[in-house]
Each structure stands twice: as C-alpha cells, then as structure tokens.
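Letter by letter, the chains look like this.
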Amino acid sequence: MLLKKVLLKVGYTCNNNCILCHSRPFRRTPDLTAGELHKRMRLARRLGAEMVVFSGGEPTIRPDIVSLVRFAQACGLKTGLVTNGRRFIYPGFGEELAALGLAYAYVSFHSHERKTHRLSTRTDSFAQTLGALRNLARLKVELTVNTVVTRHNIKDLPAVADRLAALEPGKIKFSVLEPKGAALDDAALFPSLRESADAIAGVIRYGRARYPDLRFSCEGLTPCLLDDFETLNDDLLADGFILFQEAFERRPAAPDYRNRAKALVCHDCALFETCPGVFAGYLDMKPPPPLAPEVRPRANSFIFLKPGKGPRSPSCRIVLAEQGRMQAYEASSSDFTAGEQDDV
C-alpha cells in the first residue's frame, strides 16, 4: 500500500545545472532554514502525511540533511528524496539515512552514455550518478529512476532501459519533457508529443518483454496517446502524494493538474473527467498534439462483480458481508472522477 506523501521543496540550490530544470527560475530564492522545515513537517504530519519527500534543488547537499531526516523520524514520518543521487556515492551516507528511515528515492538519469548525460546536466556527474544508483539499489529503498525524454536521448531509450534494468530498481520511469523552467530556453530540445509518446510506448513494450519482473511507468501522456494508461501513468497523485509545497509557498496544497490542459476536441471524449490532459505548453506547439477523443456512451453507474469476473484493471473496490462472510467486489472506474468514486 502506498504511504501518504508530502513533497517539500527545501530550496533551489543544486550541484547540477540541468538544461530541463523546472526550478531554475527560483534559484535566487533563499533555501529554507531547518526550523522552517521542522514546522512544515509537523504540519504535514497533522494533515495526514506518513512520509516526507525532500526535493529542491538538490536536498542532499544541505549540511543538515541527516538531522532533517532524524527530525522526520521523530515526527513519525518516513523519509524520501527527489535527488540527482550524487551524494550517495560517498561511503556511509546512504546507510546512515536508511537507518534513520529513508524509504524512498526518486533519481533522475538522463542517458546511458556519459556524453549525453553531461550535455543534460552540464556537469561531469555520470559516474557518480551511476554509482549512486548501485548504492541505492543495495539499500533496498523504494527506488524510482526517471528519464525525461528529450531530443538528445529519444533514440537511446532501450539502451537506457538496459542500463537501468541491470540495477533492478523498483521502477523505471520515462517522462515527457514539460515546457517549463530552463527547458523553455531551447525549443529544439523538445520532441513532438507524438514522437515522445511513440518512444515511451516503445521502450515500455521493450522493457516489459525483456525484463518481465521489473516495473515500468511514465508521466505526461494521456489515454489516447498510450495504451494501458491507467496502469502506466505515474504522476504525483498516482504515487501517493497528498500534499505539495514549494519553498516560497506559505502552506502546502494538494497536487493537481493545473499544469495540464485539454484541447477543444477533448470535450467530446468519454474520458474527459478522468484524463489529466497534456502539459499545457504542447497545445501551442507545432505540430499540435495528436489527441483523439474516445467517443462512446459514458456510464452513469458502477457495476460491481466478484474478482476475476469484472474488468481486467479495476480501480474501485468494495467489501460486503454476505451470510456471515466478507466478499469483495470490483468495478471499472474509468468513467468516473476521484470525487465521484469517493461519493460511492
């Protein structure tokens, strides 16, 4: 079962200088003090979070990162990190954090080749990142490795999957490049959404066939751009995040899809309410995204069946007492929003 997570940005200082960094516009914002982060952790715990995930910038280069993880443990919170991983190359660092409750790591990996990785991070950090991934895999934390698809690596995704599969992470993820932050400086960095969708679908097919014991996922696509979207979609909401807070924000908020948008043609789609849409900037790009609405009647009720007799990928489940025994029932929820499901 997914832990309820809060993502806290600790500041925007970083030891990489990635060409696709979302946070570059905030680099001059002062990093938060330990005291302020303590307040945010206590509030998140009161609001129901079970894990705090520190992000940045790069959270591991803070001198007080170990004490922050220790404080989280004292608050009853597991800890996670969104990180470039480089500090985990140092002996003992990962082991110390794991002993204090580090249970989740989300690491960016740009290419299986040093040259392309350096082009993306603008640092000579390939060996450190790869070594850090090996160390994290040995720690048995929940490890997601994410590769953002750009013009530089789009033809190499199967080779990226091969390199990562050897490390046996918990999840190998491929993401569409979001038109945001530093990426906006170079329009040539963006493949078309069709190209990205085809490349991501292709590498997931390849990975599932070659490495059936590994889990693959993606972010930034829609049901009409990706088969098996419900299983593969892996954004903040799908990963159990209930709260999100930038360093400069006064209070946390629930994650949402305000960075997504839908085209006019989407309004006729039976999945309009449940589809997150594409990253907003793609609607203004040429060629326009090839969005294809699913036109069919939309269900107005749930049909619950016993497991194995209902839909292949149910996402709504109830348990009823029948003649002194508990019986589970499942129903497809593809036509319904989360709010509509909660009302059931």
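All of these numbers come straight from a predicted model, not from anything done at the bench. (Residues numbered from 1 in each chain as written. Predicted model: local features only at pLDDT ≥ 70, side-chain atom pairs only at ≥ 80, totals over all residues. Heavy atoms only, no water.)

A. Looking closely at the packing of aromatic side chains. Summed over the entire model, instances satisfying the criterion amount to seven aromatic pairs. Aromatic pair Tyr-12 and Phe-26: ring centres 5.4 Å apart, planes at 50 degrees, arrangement tilted. Of this pair, Tyr-12 sits in the loop between strand 1 (5–9) and helix 1 (34–46) while Phe-26 sits in the loop between strand 1 and helix 1; the two residues are 14 residues apart in sequence, bridging distant segments of the chain. We classify Tyr-12 as buried; its relative accessible area is 0%. The exposure class of Phe-26 is partly exposed, given its relative accessible area of 26%. Look at Phe-26 and Phe-248: their rings are 4.8 Å apart centre to centre, the planes differ by 55 degrees, and that puts the pair in the tilted class. Of this pair, Phe-26 sits in the loop between strand 1 and helix 1 while Phe-248 sits in the loop between strand 8 (241–245) and strand 9 (260–261), placing them 222 residues apart in sequence. Chaining the aromatic ring pairs together yields one cluster made of Tyr-12, Phe-26 and Phe-248. (Phe/Tyr/Trp six-rings, centres within 6.5 Å; stacked < 30°, edge-to-face > 60°. Helix = DSSP H or I, 4+ residues; strand = E, 2+ residues; numbered from the N terminus. Buried < 20%, exposed > 50% of the residue type's maximum accessible area, 1.4 Å probe, protein only.)

B. How the structure looks around the pairing of strand 6 (residues 171–176). Most of strand 6 sits inside the fold, with six of its six residues counted as buried. Neither face of strand 6 is left uncovered, since the one carrying Lys-171, Lys-173 and Ser-175 and the one carrying Ile-172, Phe-174 and Val-176 both have all their residues buried. One ladder, built from six bridges, connects strand 5 (residues 142–149) with strand 6; its direction is parallel. Looking at the pairing, Val-145 lines up with Ile-172 of strand 6. Following the chain from strand 5 across helix 6 (residues 157–165) to the adjacent parallel strand 6, one finds a crossover that is right-handed. As defined by bridge partners, strand 6 adjoins strand 7 (residues 216–219) across four bridges and the pair is classed as parallel. (Pairing = 2+ DSSP bridges. Right-handed = clockwise from strand over helix to strand, strands pointing away.)

C. Region of interest: the sheet that holds strand 6. On the basis of which strands lie adjacent, the open sheet formed by eight strands has the order 7-6-5-4-3-2-1-8 and parallel pairing. Strands at the two margins of the open sheet, each flanked by one partner only, are strand 7 and strand 8. Taken pair by pair, the neighbouring strands of this sheet meet at an average axis angle of 20 degrees, ignoring direction. Across four bridges, strand 2 (residues 51–55) lies against strand 3 (residues 78–83) in parallel orientation. The residue of strand 3 that forms the bridge with Met-51 is Lys-78. Each of strand 2 and strand 3 is contacted by helix 2 (residues 65–74), which is oriented at about 160 degrees to strand 2, the strand it contacts most. On the sheet, helix 6 packs against strand 5, strand 6 and strand 7 and is oriented at approximately 155 degrees with respect to strand 6. (Axes fitted to C-alpha atoms, helices over the stretch in contact; angles between N-to-C directions. Contact = heavy atoms within 4.5 Å.)

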